[in-house]
Amino acid sequence: MDEAAPIVRPTANYMRRTLYDPHEDMFALRAHGPLIRIAGNASDQMSTDYVWQAMGYDVVREILGDHENFTTRLRLTEAEPLSGEGVPVPPELAGQLSIYDPPEHTRLRRMLTPEFTVRRIRRLEPTIEGIIEEHLDAMEAAGPPADLQVLFADPVGGEALCELLGVPRDDRNEFIRRVRQNVDLSRGYKARAADSAAFNRYLNALITRQRKAPDEGFLGMLVREHGERIGDEELKGVCTALILGGVESVAGMIGFGVLALLDHPDQRQLLFASREEADRVVNELLRFLSAVQQPTPRMAVRDVVVGGQLIKAGEYVLCSILMANRDEGLTPDPHLLDANREPLPHVGFGHGIHHCVGAAVARAVLRIAYQALWRRFPGLSLAVPAEEVKFRNAFIDSPDRLPLTW
């Protein structure tokens, strides 16, 4: 055990990447070890003198899977106990599973899980296929070159989640627009706050309608089966977490995955070998790209030793999903996109009790989208040099524009 681990000052943007790969600065950080203590810009966001950065697969998986020693709960004052026992969740964060600890996390997760079973997802697939075909038609009508991110990836990612939740079709364009503006970090705080307020007003109205006449969607199921055991604020928080996390991550992975498959035609062919092979392509893309680079930070609730380092109670840990999924401890040649290898237990959807509840839905949407795209446009190619593809300033790594021809 080493209590005097080196304190490393990272670059200003510690989540930068070079297209598919981690930025060279991240490799420089990992040269100090799989778990290092850092100071500077990364620690400023935690309002603490230093935090820990976990980059090795084993330590990231251990930390994400250890809900007894680590919490995702926000500690709002120094007077609050580290464990959070007896501390109510702030009303504005009700329903946000990512910051819940057991037993409240267990209670809420049990309510949500039945809606994400394989059987439920299979029932959704024909509707998802229809959404995808509709936007392929729009892309074809626009003619080459056409922007895949704007015409296909963004609307498919948004509408698939709207279908799951039960957002009426006539409301979806405006609803998705508000969601995207809410997570666009290039926009000012006041503009984002106004969109967030409009988004919340819509959710309040949607929940009111579902309370009166629950339908067959996700919200209707929660209201019908759990009624008074889940309040309106929790329902809104659950929806917010699913939408803000799901819409952008699925849309981003559609565009980013297409970009990677254009660069790896041998992997693209596996999409049509069998359902199992197609699922392996999706799994490998999720590992290789790791579009969601960082999950909710963890705080140690007691002194704990991880990877030979002592993390003291109250200290925060940032986990790099991208670096963990590119660790040779997970797989040989981690920087190769290779769906022929055995499916890997990567941490692209997190790990432990906070593993993404909608992971199976996301995998299904991605598989169907990739397959349908290349069936419709087998000669798909970039319409601009790869270096001209720009990425969004957002929580999810995603192309901002992706001009393609065929």
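Residues numbered from 1 in each chain as written. Predicted model: local features only at pLDDT ≥ 70, side-chain atom pairs only at ≥ 80, totals over all residues. Heavy atoms only, no water.

Undergrad: What is the right way to read the overall build of the protein from this model?
TA: For the protein, the helix and strand inventory stands at 14 helices and 13 strands. Buried residues in the protein amount to 54% of all 406 residues. Considering only contacts within the protein whose residues lie at least 6 apart along the sequence, 72% involve residues at least 24 apart. For the protein, the accessible surface area stands at approximately 17800 Å², while carbon and sulfur atoms represent 51% of it. (Helix = DSSP H or I, 4+ residues; strand = E, 2+ residues; numbered from the N terminus. Buried < 20%, exposed > 50% of the residue type's maximum accessible area, 1.4 Å probe, protein only. Contact = heavy atoms within 4.5 Å. Areas by Shrake-Rupley, 256 points an atom, 1.4 Å probe, with all protein chains shown as cover.)

Undergrad: How should the packing of aromatic side chains be read in this particular structure?
TA: Where two aromatic rings form a pair, the distance of their centres and the angle of their planes describe that pair. For the structure shown, the criterion picks out 4 aromatic pairs. Both rings, one in Tyr20 and one in Phe256, keep their centres 6.1 Å apart while their planes meet at 25°; by these two values the pair is stacked. You can see Tyr20 sitting in the loop between strand E2 (17–18) and strand E3 (21–22) and its partner Phe256 sitting in helix H10 (residues 232–263), a full 236 residues away along the chain. Residue class for Tyr20 comes out buried when judged on its relative accessible area of 8%. With centroids separated by 5.1 Å and ring planes inclined at 75°, the aromatic side chains of Phe256 and Phe391 adopt a geometry described as edge-to-face. (Phe/Tyr/Trp six-rings, centres within 6.5 Å; stacked < 30°, edge-to-face > 60°.)

Undergrad: Would you mind showing me how to read the pairing of strand E5 (residues 51–54) here?
TA: Where burial is concerned, the two faces of E5 agree: the one with Val51 and Gln53 and the one with Trp52 and Ala54 are both buried. Summarising the sheet, strand E4 (residues 35–38) and E5 pair through 4 bridges and their orientation is antiparallel. Across the sheet, the residue bridging to Ile36 is Gln53, located in E5. (Pairing = 2+ DSSP bridges.)

Undergrad: Quick question: what am I supposed to make of helix H4 (residues 104–112) here?
TA: An α-helical turn contains 3.6 residues, so any two residues separated by three or four positions project in the same direction. Turning to H4, its buried residues are His105, Leu108, Arg109, Met111 and Leu112. Burial along H4 is one-sided: seen end-on, the buried residues are contained in an arc of 155°. (Arc of directions from axis to C-beta.)

Undergrad: How should the sheet that holds strand E7 (residues 146–147) be read in this particular structure?
TA: Strands in a sheet are paired, the pairing made by backbone hydrogen bonds, and the direction either parallel or antiparallel. Strand order in the open sheet formed by 3 strands is E7-E13-E12, and the pairing between neighbours is antiparallel. Every other strand in the sheet has two partners, leaving E7 and strand E12 (381–382) as the edge strands with one partner each. Summarising the sheet, E7 and strand E13 (residues 403–405) pair through 2 bridges and their orientation is antiparallel. The residue of E13 that forms the bridge with Ala146 is Leu404.

Undergrad: Please clarify how the pairing of strand E11 (residues 316–319) should be interpreted in this entry.
TA: Here is the key point about a regular strand: its side chains alternate between the two faces of the sheet. Here E11 shows no split at all, with Tyr316 and Leu318 on one side and Val317 and Cys319 on the other all buried. As paired elements, E5 and E11 share 3 bridges and run parallel to each other. Residue pairing in the sheet places Ala54 in a bridge with Cys319 of E11. Relative to E11, strand E8 (residues 298–300) is paired through 2 bridges, and the arrangement is antiparallel. Pairing of Met299 across the sheet is with Tyr316, part of E11.

Undergrad: Whenever I open this one, the packing of helix H9 (residues 218–226) against H10 confuses me. Can you help?
TA: Two packed helices can be described by the angle between their axes and the distance between those axes. Close contact between H9 and H10 brings their axes to 11 Å; oriented N to C, the two are set at 155°. On the basis of the axis angle, H9 is roughly antiparallel to H10. For the pair H9 and H10, the sense of crossing is right-handed. From H9, Phe218, Leu219, Leu222 and Val223 reach across to H10, where they touch Leu235, Val238, Cys239 and Leu242. (Axes fitted to C-alpha atoms, helices over the stretch in contact; angles between N-to-C directions. Parallel < 35°, antiparallel > 145°, perpendicular 65-115°, else oblique. Left-handed = near helix turned anticlockwise from the far one by under 90°.)

Undergrad: Before we go on, may I ask you to explain the packing of H10 against helix H12 (residues 275–289) in this structure?
TA: Where H10 meets H12, the closest approach of the two axes is 10 Å, and the angle between their N-to-C directions is 95°. As the angle between them shows, H10 and H12 are arranged roughly perpendicular. Here Met253, Phe256, Gly257, Ala260 and Leu261 of H10 lie close against H12, whose contacting residues are Val281, Leu285, Leu286 and Leu289.

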